[in-house]
Amino acid sequence: MNSDSDPMDDHGHGTAVSGIAAATMDNGKGIAGVSQVTILALKVLNETGWGTDWEVAKAITFAVNQSADVISMSFGGEDAGVIKEACSYAWDRGCVLVAASGNEAVIYPAAYSSVIAVGAINKEEERAGYSNFGDELKLVAPGDWILTTYPGNDYFSGLLFPLRMLRVLQGC
């Protein structure tokens with residue numbers, strides 16, 4: 001998305017979330033992903049964390065067309081018809097969609113009925129200070145001090161930093 005041929009994560013968040021899902025077992029680092037699955041990493045935001053509704057929708061559709069069973073979205077923004085349509089397309093084809101709920105109000109795509117909105121809890125199993133809460137959340141998961149992967153063949157333990165808000169460029 002950031003007009004280069006480098007598919008690597010610019011910020012580390014995507015790599016961290018992927019590691020929680022699929023880090024290799026018995027790696028000697030003290031981390032193993034919760035499921036041993038294949039990751040299809042799609043970069044839809046540029047190096048500053050910006051992207052368009054159209055790019056996000058294209059990525060969702062591409063993932064579905066590549067037989068993705070689960071799509072995890074750690075970004076959010078305002079309601080956008082093209083993203084809602086892409087989420088419906090995925091849902092109608094049996095894909096499970098999961099998205100971060102946001103930091104204040106439940107944001108899109110997590111707010112779509114076809115998407116599981118996920119919030120974060122701390123080690124006391126209480127709402128993490130940076131996470132959303134309320135009936136709109138369908139799931140909560142640990143979000144503080146999680147050992148996971150990080151770009152550069154490294155590992156990271158700390159807050160799964162509050163989500164970088166996607167500022168979508170409407171009409172693109």
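Residues numbered from 1 in each chain as written. Predicted model: local features only at pLDDT ≥ 70, side-chain atom pairs only at ≥ 80, totals over all residues. Heavy atoms only, no water.

Take the nonpolar core next. Grouped together as the largest cluster of nonpolar side chains are 25 residues, with contacts concentrated most on Ile 60, Ile 71, Met 73, Cys 87 and Leu 97. Elements supplying a minimum of two residues to this core: helix H2 (53-65), strand S1 (70-73), helix H3 (81-92), strand S2 (96-100) and strand S3 (115-121). At six residues, the largest contribution of residues to this core is made by H2. Once residues within four sequence positions are removed from consideration, Cys 87 is found in contact with Ile 60, Met 73, Leu 97, Pro 109, Tyr 112, Ser 114 and Val 115. (Core = buried A, V, L, I, M, F, W, Y, C linked by side-chain atoms within 4.5 Å. Buried < 20%, exposed > 50% of the residue type's maximum accessible area, 1.4 Å probe, protein only. Helix = DSSP H or I, 4+ residues; strand = E, 2+ residues; numbered from the N terminus. Contact = heavy atoms within 4.5 Å.)

Bringing the packing of H2 against H3 into the picture now. For the pair H2 and H3, interaxial distance at closest approach is 8 Å and the crossing angle is 10 degrees. One finds that H2 runs roughly parallel with respect to H3. Where H2 abuts H3, its residues Asp 53, Trp 54, Val 56, Ala 57, Ile 60, Thr 61, Val 64 and Asn 65 lie against Val 82, Ile 83, Ala 86, Cys 87, Tyr 89 and Ala 90. (Axes fitted to C-alpha atoms, helices over the stretch in contact; angles between N-to-C directions. Parallel < 35°, antiparallel > 145°, perpendicular 65-115°, else oblique.)

This paragraph deals with a nonpolar patch on the surface. Taken together, the side chains of Leu 40, Leu 42 and Phe 62 make up a nonpolar region of the molecular surface, amounting to roughly 260 Å² of accessible area. For Leu 40, the location among the structural elements is in the loop between helix H1 (13-22) and H2. Given the relative accessible area of 44%, Leu 40 is considered partly exposed. (Patch = residues over 30% accessible without salt bridge, like charges linked within 9 Å, V, L, I, M, F, W, Y side chains within 5 Å. Areas by Shrake-Rupley, 256 points an atom, 1.4 Å probe, with all protein chains shown as cover. Salt bridge = Lys/Arg side-chain N within 4 Å of Asp/Glu carboxyl O.)

Bringing the sheet that holds strand S4 (residues 139-142) into the picture now. To summarise the sheet geometry, strands pair through backbone hydrogen bonds and adopt either a parallel or an antiparallel arrangement. A sheet is described by the order of its strands in space; here four strands give the open sequence S1-S2-S3-S4, paired in parallel fashion. One side of each edge strand has no neighbouring strand; the edge strands of this open sheet are S1 and S4. In this sheet, neighbouring strand axes are inclined to one another by 30 degrees on average, regardless of whether the strands run parallel or antiparallel. Strand direction decides the pairing type here: S1 and S2, joined by four bridges, are parallel. In the sheet register, Ile 71 faces S2, and the bridge partner there is Leu 97. Contacting S1, S2 and S3, H3 crosses the sheet at an angle of about 140 degrees to S2. (Pairing = 2+ DSSP bridges.)

Enumeration according to the criterion identifies one salt bridge in this entry. Residues Glu 55 and Lys 58 are paired through a salt bridge, measuring 3.5 Å at the closest nitrogen-oxygen approach. Pair noted here: Glu 55 and Lys 58 are both in helix H2, with a separation of three residues, about one helical turn. The exposure class assigned to Glu 55 is partly exposed, which follows from its relative accessible area of 25%.

All right, on to H1 then. His 13, Ala 16, Gly 19 and Ala 22 are the residues of H1 that are buried. Contacts from the buried residues of H1 go to strand S5 (146-150).

Next up on the list: H2. Compared with the 18 Å implied by 1.5 Å per residue over 13 residues, the 18 Å span of H2 between its first and last C-alpha is a close match. Close packing links the buried residues of H2 with S1, H3 and S2. Following H2 by one or two positions, Ser 67 has its phi on the positive side, about 75 degrees. (Expected span 1.5 Å × (residues − 1).)

All right, on to unusual backbone geometry then. Look at the link from Tyr 108 to Pro 109: it is a cis peptide, with omega at 10 degrees. Turning to its location among the elements, Pro 109 is positioned in the loop between S2 and S3. Despite not being glycine, Ser 67 has its phi angle at roughly 75 degrees, a positive value. You can see Ser 67 is positioned in the loop between H2 and S1. A positive phi is found at Glu 125, a non-glycine position, where the angle reads about 60 degrees. Looking at where Glu 125 falls in the secondary structure, it is placed in the loop between S3 and S4.

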